[in-house]
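# Coordinates in review
The residues making up each chain are set out below.
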Amino acid sequence: MLPILSRIRVPAGFLLAGLYFWLADPAWPHWPAGTALAFLGMLFRGWAAGHVRKNDRLAVSGPYSFTRHPLYLGSFVIGLGFSLAGRSLPILVLFLASFFLLYLPAMRNEEERLKHLFPALYRLSRKTVPFFPPPRWPARRGSAPFSLQHYRRNREYRVALGFAGALGLLLWKAWWF
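A short tour of the structure in this document, coming up. Keep in mind that this is a model prediction, so the values were computed, not measured. (Residues numbered from 1 in each chain as written. Predicted model: local features only at pLDDT ≥ 70, side-chain atom pairs only at ≥ 80, totals over all residues. Heavy atoms only, no water.)

### What to know about the pattern of salt bridges
Scanning all chains against the criterion turns up 5 salt bridges. Its salt-bridge partner being glutamate 156, residue arginine 45 comes within 2.5 Å of it at the nearest N-O pair. Here arginine 45, found in helix H3 (residues 30-49), pairs with glutamate 156, found in the loop between helix H7 (148-153) and helix H8 (157-176); they are 111 residues apart in sequence, far enough to count as distant. Take glutamate 156: its relative accessible area is 4%, and that puts it in the buried class. The salt bridge partner of glutamate 111 is arginine 126, with a shortest N-O separation of 3.4 Å. Of this pair, glutamate 111 sits in helix H5 (residues 89-117) while arginine 126 sits in helix H6 (residues 119-128), and the two are 15 residues apart along the sequence. One network of salt bridges, in which partners are shared, links Arg68, Glu111 and Arg126. (Salt bridge = Lys/Arg side-chain N within 4 Å of Asp/Glu carboxyl O. Helix = DSSP H or I, 4+ residues; strand = E, 2+ residues; numbered from the N terminus. Buried < 20%, exposed > 50% of the residue type's maximum accessible area, 1.4 Å probe, protein only.)

### Thoughts on the nonpolar core
Tyr20, Ala24, Ala38, Met42, Ile78, Phe82, Ala85, Ile91, Phe163, Ala166 and Leu170 together form the largest nonpolar core, which totals 11 residues. Only H3, helix H4 (70-86) and H8 provide two or more residues apiece to this core. Once you skip the residues sitting within four places of it in the chain, alanine 24 turns out to touch Gly86, Ile91, Leu170 and Lys173. Grouped together as the second largest cluster of nonpolar side chains are 10 residues, Phe76, Phe99, Ala106 and Phe132 included. (Core = buried A, V, L, I, M, F, W, Y, C linked by side-chain atoms within 4.5 Å. Contact = heavy atoms within 4.5 Å.)

### A short note on the environment of leucine 96
In this structure, leucine 96 sits in helix H5. In this structure the C-alpha to C-alpha distance between leucine 96 and phenylalanine 76, which are 20 residues apart in sequence, comes to 8.7 Å. For leucine 96, the residues in contact, after removing those within four places along its chain, are Phe76 and Leu80.

### Structural notes on the packing of aromatic side chains
This model, assessed by the stated rule, comprises 16 aromatic pairs. With centroids separated by 6.1 Å and ring planes inclined at 65°, the aromatic side chains of phenylalanine 76 and phenylalanine 100 adopt a geometry described as edge-to-face. Linking phenylalanine 76 in helix H4 with phenylalanine 100 in helix H5, this pair joins segments that are 24 residues apart in sequence. We classify phenylalanine 100 as partly exposed; its relative accessible area is 41%. Seen from their ring centres, phenylalanine 99 and phenylalanine 100 are 5.6 Å apart, and the 80° between their planes marks the pair as edge-to-face. (Phe/Tyr/Trp six-rings, centres within 6.5 Å; stacked < 30°, edge-to-face > 60°.)

### Section: a nonpolar patch on the surface
Taken together, Leu37, Phe39, Leu40 and Leu43 make up a surface patch of nonpolar side chains, about 340 Å² in accessible area. Relative to the elements of secondary structure, leucine 43 occurs in helix H3. Residue leucine 43 is classed as partly exposed on the basis of its relative accessible area, which comes to 44%. (Patch = residues over 30% accessible without salt bridge, like charges linked within 9 Å, V, L, I, M, F, W, Y side chains within 5 Å. Areas by Shrake-Rupley, 256 points an atom, 1.4 Å probe, with all protein chains shown as cover.)

### Focus on the side chain of histidine 150
Topologically, histidine 150 is positioned in helix H7. Leaving out residues up to four positions away in the same chain, histidine 150 has contacts with Ala49, Gly50, Val52 and Arg53.

### Brief notes about the packing of H3 against H4
At a closest axis distance of 7 Å, the pairing of H3 and H4 adopts a crossing angle of 170°. Taken as axis vectors, H3 and H4 run roughly antiparallel relative to one another. Of the residues belonging to the contact of H3 with H4, the class tally is 17 nonpolar, 7 polar and 1 charged. (Axes fitted to C-alpha atoms, helices over the stretch in contact; angles between N-to-C directions. Parallel < 35°, antiparallel > 145°, perpendicular 65-115°, else oblique. Nonpolar A, V, L, I, M, F, W, Y, C, P; charged D, E, K, R; others polar.)

What follows is the structure, given as structure tokens:
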């Protein structure tokens, strides 16, 4: 059951995005505050994407020293921000339910995969870095620098494009409706 839920998260996200724009009622001051929060989530995801080297080495630097799942944490903050911007309680409830039903299994599957790819380093990371979200500021940080090349290789720019499109649709809905 968990692998199925994990795999349908992207198609379900498109379905929920359509429902979001139908239910959204953007208005001042909710949409500027919400989109600012979503923007911070997008920046956090981008920071994480610049540190991850998928299937090559376990990321432990940058945001990976705060949480083992910074990409998902960034997505969570983006979702909270757009939920606030949409100014609709059903949107918030749908977002939270879908996040925990679809993304939590994906995080668990990823943990299993990383445990097999990097057994020793993963065990150490699991002891010192929280699962999600980070409960405290880390005592130490990894030393690998952010890499724009890895950001592009991980295609994180698609999140920025999605953010811009969602913001444009919210502004259009706020202006015309």
